[in-house]
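For reference, the chains in residue letters:
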Amino acid sequence: NLEAPEIPVYSVKAHKEIVNSIDGVGGLGIGEGAPEIVTGSRDGTVKVWDPRQKDSPVANMEPVEGESKRDCWTVAFGNAYNQEERVVCAGYDNGDIKLFDLKTMSLRWETNIKNGVCSLEFDRKDINMNKLVATSLEGKFHVFDMRTQHPTKGFASVSEKAHKSTMWQVRHLPQNRDIFMTSGGAGSLHLWKYEYPAQRSKKDSEGAEMGVAGSVSLLQNVTLSTQPISSMDWSPDKKGLCVCTAFDQTVRVLIVTKLNKV
């Protein structure tokens, strides 16, 4: 509560080791279902919390016995389009991406992008899964088309080598889900647009539906700092207004213009 910040509305000892990432969903028109928080930690676990249930998580995704625990760097909610459905996507230091279905409490899909996953975000968390962007340690990002899941090949994707260094974060424009910004380790921001293919799915040789990835184009880029831009976010109200923080301990407020023309 920003009116009284000295007293937290909700507080819990979530993990044994550092919490790397947090995301929220639900309630008050920001996605359906319960108002929940998901955390990802260096201890290798991903936990979902409901502030109405004080001390224990409502879901706990951890490595199975015998599986090595990996540092979870990023978590994101998605698919929260009704009271029952929702997923959590988690990215790990070894390049693993895991999609957990909270309705069935099962691992729905997993893949590996061969490099540490720094940031994950669905283009919208409160609709049927549409697209997921994953950014990596080596400056490459992947856009997955989440509408069609093939039984063996999973989701179609397109990748782009964008920054010369770590890509710290991705954030989709609230007013247009096909435009997103990535922040880089060399102090730069890149603005991208996703173009859908003529057909988003096709049948394989055995008649199963498989997705078709689109393409990505760079709209604009700017270098703001000599240090990594570690986080950024868009204003949900004013189109093009955004804020970012960098390792130079500076908060920058920016305006991106002409977004209604792309």
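Look up a bit, the structure's there.
Residues numbered from 1 in each chain as written. Predicted model: local features only at pLDDT ≥ 70, side-chain atom pairs only at ≥ 80, totals over all residues. Heavy atoms only, no water.

Participant: Explanation requested: the overall build of the protein in the structure shown.
Facilitator: Within the protein one finds zero helices and 21 strands. When its C-alpha atoms are laid out on the principal axes, the protein stretches across 55 × 45 × 35 Å. When burial is assessed residue by residue, the protein has 48% of its 262 residues classed as buried. At a minimum sequence separation of 6, the contacts of the protein that also span at least 24 residues come to 47%. Carbon and sulfur atoms make up 49% of the accessible area of the protein, which totals about 13300 Å². Between the averaged position of the 32 positive side-chain charges in the protein and that of its 33 negative side-chain charges there is a distance of 6 Å. (Helix = DSSP H or I, 4+ residues; strand = E, 2+ residues; numbered from the N terminus. Buried < 20%, exposed > 50% of the residue type's maximum accessible area, 1.4 Å probe, protein only. Contact = heavy atoms within 4.5 Å. Areas by Shrake-Rupley, 256 points an atom, 1.4 Å probe, with all protein chains shown as cover. Lys, Arg positive; Asp, Glu negative; His and termini not counted. Charge placed at Lys NZ, Arg CZ, Asp CG, Glu CD.)

Participant: Is there a simple way to think about the packing of aromatic side chains in this case?
Facilitator: Here a ring pair, both rings aromatic, is described through the centre-centre distance and the interplanar angle of the planes. By the definition in use, this model includes six aromatic pairs. Ring plane angle 85 degrees and centroid distance 4.9 Å describe the contact between tryptophan 109 and phenylalanine 155, whose orientation is recorded as edge-to-face. Highlighted residues: tryptophan 109 in strand S8 (residues 106-112) and phenylalanine 155 in the loop between strand S11 (140-145) and strand S12 (157-161), separated in sequence by 46 residues. Since its relative accessible area comes to 7%, tryptophan 109 is described here as buried. Measuring from centroid to centroid gives 4.9 Å for phenylalanine 141 and tryptophan 192, while their planes differ by 65 degrees, and the two rings are edge-to-face. Of the two residues, phenylalanine 141 is situated in strand S11 and tryptophan 192 in strand S15 (residues 188-195); the sequence distance between them amounts to 51 residues. (Phe/Tyr/Trp six-rings, centres within 6.5 Å; stacked < 30°, edge-to-face > 60°.)

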